Amino acid sequence: EKLAVATVASHTALQILRGAKRFGFRTIAVAGRADAAEFYRQFGFIDEVWTADFRNFVKTAEKLVEANAVLVPHGSYVEYVGWRQALEAPVPTLGCRELIRWEADQYKKMELLQRAGVPTPRVYKTPEEVDRPVIVKLFGAKGGRGYFLARDREELRRRLAGLGEYIIQEYVFGVPAYYHFFSSPVYGRVEVFGADIRYESNVDGRTFGWVEPTFVVVGNLPLVLRESLLPTIWKYGVQFAKAVEEAVGCRLAGPYCLESIIRDDMSISVFEFSGRIVAGTNIYMGYGSPYSVLYFDRPMDMGERIAHEIREAARRGRLEDLFT
Ligand code: ATP
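These numbers were taken from a predicted model, which means no experiment stands behind them.

Peer 1: Go over the site of the ligand, please, and point to the residues and values.
Peer 2: Around the ligand sit 21 residues in total, of which Pro121, Gly144, Val172, Phe215 and Phe271 are the nearest. Listed by contribution, the elements that provide at least two residues to the shell around the ligand are β6 (134–142), β8 (166–170), β10 (189–202), β11 (215–222), β12 (254–262) and β13 (268–274). Grouping the constituent residues of the shell around the ligand by class yields eleven nonpolar, four polar and six charged. Formed jointly, the shell around the ligand draws a minimum of three residues from each of two domains, domain 2 (102–119 + 173–321) and domain 3 (123–170).

Here you go:
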């Protein structure tokens, strides 16, 4: 049977499956709920819409293998099935699967960025060390909920009382910028593909300073970077891919993202990464990323870029280089 590309019906599934179909693959969307399944069924580029119980994703993964499918993971996949099942699911999964374990731990995550030699916000071990505004991230915080800002040590002490595990980080002043990369085993290179910013309630909302800042993502906006920033950003992307290979021990094949703040002196501080496709790539679905033309002389979105890589790897008998 022809190779199928499968993903969980949410996040970037439309982009991934549309791209896969355009490059000749069969496509499967796995939905967790009937209303999601109904929504995805309307699109002609999706061959099969399955419904599954994400609490037992291993079983679904076995069925995907029987259907000769490979899985493209994304943030909602990891969230819905949980990182333990995502590590175990017996289906070929794009990229470095072991990285999911590192991402589940705030400290390991930052450690990896530091190993990559990418500048990161200062981390404070105790509130006593704090000498400037900080952002506190509770473990297990999701979608920016469970973060708070503290102006100084006093405010921090007051607000930390009775909280569980957390990490205290320097609050970096500047604009957020999220960089999309593609690591290509086929071409042996890292491509800087595009960038976005997030539209977040309540930091981007009309709150007139009346409410606490929160960082709940509502959508994404396109960002075209100053060209003078690109060499540095690309270099950070390359360094990060190398660090993953060395520290985690597997190849970061496919899309990934570095999430940063750019200060007014143009210096960059990376506070987070994603080892797989980010929803911010949806901004160029269907018409291609701003930088894809530089590599392929035609626009490609991230779904198409993934499909292109899988097709080329298959042609060269190198599919093992992409999946773990
Ligand atoms: P993801 O969806 O990628 O898991 P998240 O929603 O859990 O992320 P982050 O993306 O880590 O949370 O951060 C949310 C917001 O907090 C970011 O948009 C960023 O603006 C802000 N932020 C995080 N860390 C810092 C920092 N050290 N300094 C300044 N702002 C920060």
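The rest of the description comes next.
Peer 1: Outline the nonpolar core, supporting the account with residue identities and numerical values.
Peer 2: Within the largest apolar cluster, 72 residues are counted, with the highest numbers of intra-cluster contacts made by Val5, Ala29 and Tyr179. Per element, the largest residue contribution to this core is six residues, and it comes from helix α9 (residues 230–248). Counting five residues, the second-largest nonpolar core is a separate cluster that includes Val134, Ala150, Leu156 and Ile168.

Peer 1: Give me the environment of Arg151: which residues, what numbers.
Peer 2: Here Arg151 is to be found in the loop between β7 (145–150) and α8 (153–160). A sequence separation of 118 residues divides Arg151 from Ser269, and the C-alpha atoms of the two residues are 19 Å apart.

Peer 1: Tell me what's going on with the pairing of strand β3 (residues 48–51), and back it up with residues and numbers.
Peer 2: The pairing of strand β2 (residues 26–31) with β3 spans four bridges and is parallel. Residue pairing across strands places Ala29 opposite Val49, the latter belonging to β3. Once you follow β2 into helix α2 (residues 34–41) and on to β3, the crossover reads as right-handed.

So, how was this worked out
Residues numbered from 1 in each chain as written. Predicted model: local features only at pLDDT ≥ 70, side-chain atom pairs only at ≥ 80, totals over all residues. Near = placed C-beta within 6 Å. Helix = DSSP H or I, 4+ residues; strand = E, 2+ residues; numbered from the N terminus. Nonpolar A, V, L, I, M, F, W, Y, C, P; charged D, E, K, R; others polar. Domains from an automatic or database assignment. Core = buried A, V, L, I, M, F, W, Y, C linked by C-beta atoms within 7 Å. Buried ≥ 20, exposed ≤ 12 C-beta atoms within 10 Å, placed from the backbone. Pairing = 2+ DSSP bridges. Right-handed = clockwise from strand over helix to strand, strands pointing away.

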